[in-house]
Amino acid sequence: MTSEEKYADAMLEPLFIQEREDAYRNPTEVKMSQIVLPCHANHCGEVSIGQLLKWMDSTACLAAERHAGSPCMTASVDDIHFEHIIGVGKVVNIIAKVNRAFTSSMEVGILVNCEDLYTDCQWKVCHAFATFVARRTEAGKVHLKQVIPHTQLEQLEYSLAAERRRMRLIHAEIITDLLSSSTAQLGECQEFQGSVPAERTRVESVELVLPPHANHQVSTFGGQIMAWMENVATIAASRLCNAHPTLRSIDMFHFRGPSHIGDRLVLKAIVNNTFKHSMEVGVCAEAYKGGEPLRHINSAFMTFEVLDIDRKPSMLPRIRPEPVDGKRRYQEAIARKKIRLDRKYIISCKQTEMPHSVPWDPSNQMYLSYNNVSALKLMDTRNNWVLTSEKNKVRLYTLEENHVLCFKVEMHVGVPAEQTFHLLSDLTRRKEWDQHYEGCEVITHVDEEDTIYRVTTPSVRKGGKGQDFILLASRRKPCDARDPYLIALRSVTLPTHPPSEEYTRGEVLCAGFAIWEEPSTVTKITYYNQATPGVLQYISTDIAGLSSSFSSAFSACSHFLETNKDSLAALPPCAL
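As the structure is a prediction and not an experimental result, all values here were calculated from the model.

Regarding its fold elements, the chain presents nine helices and 25 strands. Residues counted as buried form 54% of the 576 residues belonging to the chain. Long-range contacts, defined here as pairs at least 24 residues apart, represent 69% of the contacts in the chain between residues at least 6 apart. On the chain, roughly 26200 Å² of surface is accessible, and the fraction owed to carbon and sulfur atoms is 53%.

And the structure:
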């Protein structure tokens, strides 16, 4: 087996694990298989990404409508990274299912893999998350039924869907702020000898929306619009380098409004900027009918590469932007590239592949917060914990996977969940019950849900140095009754707070509280920690069964909550 085949098997493993679980199949799951014919491919014999987007959108829409029981429309699509190309004769397998439903919208997960019928080899091409909105019926506004997760994987996706939705809702505003602040620091555009004028790459094309382009609601397929946008973007990229480009990624985008049969769809594309081995192409889709003014349908940013004969990215020529708007797009593309790399690295990387402390700055705050909460949710959905010890109704569990040790402490308190959440959210008060917290100061209140702290802890050895931690605390209230309150912690680095000689800098990869409201005003508190060397020294004797200090600490926590359950004093503003 080649290294590529091993990689392919590893990427598809979760899919097949899910299918083997007692022959269970998600009721919203829809599968599509298409053999790639020459009519689906470009002149290089590779499937057109536009065609692939149409297949993905159709499959996801069917899954959404299966759950909603009513017509649905594509509202947005998250970032898509295309890992492999697909040649003529290969089979494209697409699986889509609803991860979670909200009031009238739902998140649909899409997995695309490619199959070689002659070698029986399969590999992952991409995965995506799309949001669909159920349309109103004659009876009025649609109120979607909830998705009930049955497997551990479904529970994880259900939980993460709420966090991804939060990121989508604030994405446009945050990106706008980051672009304005980042471009202001870039200064003037640089002039390069031999650069290509941006106007040379400009493309404009019009499409008439006909019945084959529309769905059963006479609205233009979202996938069809994406395919037309990909077409003009590819032409723009080709004009820059006089070669066939390969689409590598599409940034998150939202459909601003619907298009219908009879509309004229005007598609415009231009290369905004080029980097060493990649280029960003901006695309805009607008619609009109008759003498109506243009309606903005969608805008997207696509990243292309040009591969040489060895399938390696080629060097690209520099772009010379047009005056005014062209220079703005040029600078914004540089800012977006950094944002894109932060997003891909922080969100896509597995926890074991990330350094413990990631540099924090405003441009990656949204993605660090997402990763922080997602890592805690991942631990919370695992069901193979092993009970190590129990004392005074406080339980200690451990879990070892892939040479990583995690532990959790579980107990119940007679304090309402929301009050428990508020009290535990303020890390400056943790030293009132946790002997390992010597001091805690707020460095900055990032926003209503995120705060950065500096925490100091005593040495476990006599005469040794204590430790300090720079922690990002991300708080989340539940979206509905099946979600817990969450307080997620992870280490970050700040240039204003470098390591000092007085303390050893410790690191936390993933830690925090999941707080569940249970019947009869009982609250279940679960504390999780993915043990790092800086943390393990405080809990190692408990895990080995040589101590029960964890019981004392969390009994003190219970007492602290009971004592303060009727008080909201001294809470941080973001917790109120």
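Text resumes after the structure shown.
Scanning the entire structure with this criterion turns up 35 salt bridges. The salt bridge involving arginine 168 is made with aspartate 78; its shortest N-O contact spans 2.8 Å. Note that arginine 168 is positioned in helix α3 (residues 152-184) and aspartate 78 in the loop between β2 (72-77) and β3 (80-81), a separation of 90 residues in sequence. The exposure classification of arginine 168 matches that of aspartate 78, with both residues buried.

Our next topic: the nonpolar core. Within the largest apolar cluster, 76 residues are counted, with the highest numbers of intra-cluster contacts made by Met56, Met106, Val108, Ile110, Met279 and Val281. Ignoring sequence-local partners within four residues, the contact set of valine 281 consists of Ala233, Ala236, Ala237, Ala269, Ile270, Val271, Asn272, Ala300, Phe301, Met302 and Phe304.

Now for empty space enclosed by the protein. Summed over all chains, the structure comprises four cavities of 30 Å³ or more. Around the second largest cavity, the lining residues are Leu53, Met56, Asp57, Ala60, Thr74, Val77, Ile80, Ile110, Ala128, Ala130, Phe132 and Met226. Every element with two or more residues in the lining of the second largest cavity is listed here: α2 (49-68), β2 and β6 (121-134). Of the residues forming the lining of the second largest cavity, the biggest block, four residues, is contributed by α2. Looking at the lining of the second largest cavity residue by residue, the class counts come to ten nonpolar, one polar and one charged.

With antiparallel pairing, the six strands of this open sheet are ordered in space as β3-β9-β13-β12-β11-β8. Sheet topology places β3 and β8 (203-208) at the edges, where each strand pairs with a single neighbour. Where β3 and strand β9 (residues 246-250) come together, two bridges link them in antiparallel fashion. Following the sheet pairing, isoleucine 80 is matched in β9 by isoleucine 250. Its contacts with the sheet place helix α4 (residues 222-241) against β8, β9, β11 (264-274), β12 (279-288) and β13 (295-305), and it is angled at close to 40 degrees to β11.

Below, the discussion takes up the sheet that holds strand β1 (residues 30-35). The strands making up a sheet associate through hydrogen bonds between their backbones, and the pairing can be parallel or antiparallel. With antiparallel pairing, six strands are arranged side by side in an open sheet as β1-β4-β5-β6-β2-β10. What marks the edges here is a single partner per strand, and that holds for β1 and β10 (253-254). Strand direction decides the pairing type here: strand β5 (residues 105-116) and β6, joined by twelve bridges, are antiparallel. Along β6, the bridge assignment pairs isoleucine 110 with alanine 128. Across the sheet, α2 is in contact with β1, β2, β4 (91-101), β5 and β6; its angle to β4 comes to roughly 40 degrees.

With that settled, the discussion passes to the layout of surface pockets. Here the second largest pocket is characterised by a volume of approximately 820 Å³. Contributing to the lining of the second largest pocket are 33 residues, with Val283, Ser299, Ala300, Phe301 and Arg336 lying nearest its centre. Of all the secondary structure elements, the ones that give two or more residues to the lining of the second largest pocket are α3, β8, β10, β11, β12, β13 and α5 (325-348). Ranked by residues supplied to the lining of the second largest pocket, first place goes to α5 with eight residues. For the lining of the second largest pocket, the residue count by class is 13 nonpolar, eight polar and twelve charged.

Another point: the confidence of the model for the chain. Counting all residues, the mean pLDDT for the chain is 86, and 86% of those residues have values of 70 or more. Predicted confidence is poor over residues 1-21, with pLDDT under 50, and the contacts of this stretch with residues over four places away or in other chains come to 29 contacts. Note on residues 569-576: pLDDT is under 50 here. Beyond four places in sequence and across chains, it has 19 contacts.

Moving on: a nonpolar patch on the surface. Together, Ile35, Leu37, Leu117 and Tyr118 give the surface a local cluster of nonpolar side chains, amounting to about 460 Å² of exposed area. Locating tyrosine 118 in the fold gives a position in the loop between β5 and β6.

A separate point is the pairing of strand β21 (residues 466-476). With eleven of its eleven residues buried, β21 lies for the most part within the structure. In β21, alternate side chains face the same way, and those of Gly466, Asp468, Ile470, Leu472, Ser474 and Arg476 on one face and Gln467, Phe469, Leu471, Ala473 and Arg475 on the other are all buried. Across eight bridges, strand β20 (residues 450-457) lies against β21 in antiparallel orientation. Pairing of threonine 451 across the sheet is with alanine 473, part of β21. As defined by bridge partners, β21 adjoins strand β23 (residues 503-505) across three bridges and the pair is classed as parallel. Bridge pairing in β23 links aspartate 468 to arginine 505. Looking at chain direction, β21 and strand β22 (residues 485-493) are connected through six bridges and run antiparallel. Looking at the pairing, leucine 471 lines up with serine 491 of β22.

Next up on the list: the pairing of β6. Burial of β6 is extensive: twelve of the 14 residues sit out of reach of the surface. As judged from the five bridges shared by β2 and β6, these two strands associate in the antiparallel manner. The residue of β6 that forms the bridge with cysteine 72 is alanine 134. Connecting the antiparallel pair β5 and β6 is a turn made up of four residues, with aspartate 120 showing a positive phi of about 60 degrees.

Next up on the list: the packing of aromatic side chains. The final tally for this structure, using the stated rule, is eight aromatic pairs. An angle of 75 degrees between the planes, with centres 5.7 Å apart, marks the rings of phenylalanine 253 and phenylalanine 255 as edge-to-face. What makes phenylalanine 253 buried here is its relative accessible area of 3%. Centroid distance phenylalanine 407 to tyrosine 527: 6.4 Å. Interplanar angle 50 degrees. Geometry classified as tilted.

A separate point is the packing of helix α7 (residues 417-425) against helix α9 (residues 549-564). At a minimum axis separation of 10 Å, α7 and α9 run at an interaxial angle of 115 degrees. The pairing of α7 with α9 is recorded here as roughly perpendicular in orientation. Here α7 runs over α9; the crossing is right-handed. Judged by residue contacts, Gln419, Thr420, Leu423 and Leu424 of α7 engage Cys557, Phe560, Leu561 and Asn564 from α9. Tallied by class, residues from the contact of α7 with α9 come to five nonpolar, three polar and no charged.

Reading guide: rules and limits
- Residues numbered from 1 in each chain as written.
- Predicted model: local features only at pLDDT ≥ 70, side-chain atom pairs only at ≥ 80, totals over all residues.
- Heavy atoms only, no water.
- Helix = DSSP H or I, 4+ residues; strand = E, 2+ residues; numbered from the N terminus.
- Buried < 20%, exposed > 50% of the residue type's maximum accessible area, 1.4 Å probe, protein only.
- Contact = heavy atoms within 4.5 Å.
- Areas by Shrake-Rupley, 256 points an atom, 1.4 Å probe, with all protein chains shown as cover.
- Salt bridge = Lys/Arg side-chain N within 4 Å of Asp/Glu carboxyl O.
- Core = buried A, V, L, I, M, F, W, Y, C linked by side-chain atoms within 4.5 Å.
- 1 Å grid on protein atoms, 1.4 Å probe; cavity = no way out; pocket = protein on both sides within 12 Å on 5 of 7 lines; lining within 4 Å.
- Points joined across faces, edges and corners; volume = space filled by probe spheres on them.
- Nonpolar A, V, L, I, M, F, W, Y, C, P; charged D, E, K, R; others polar.
- Pairing = 2+ DSSP bridges.
- Axes fitted to C-alpha atoms, helices over the stretch in contact; angles between N-to-C directions.
- pLDDT = per-residue confidence, 0-100.
- Patch = residues over 30% accessible without salt bridge, like charges linked within 9 Å, V, L, I, M, F, W, Y side chains within 5 Å.
- Phe/Tyr/Trp six-rings, centres within 6.5 Å; stacked < 30°, edge-to-face > 60°.
- Parallel < 35°, antiparallel > 145°, perpendicular 65-115°, else oblique.
- Left-handed = near helix turned anticlockwise from the far one by under 90°.

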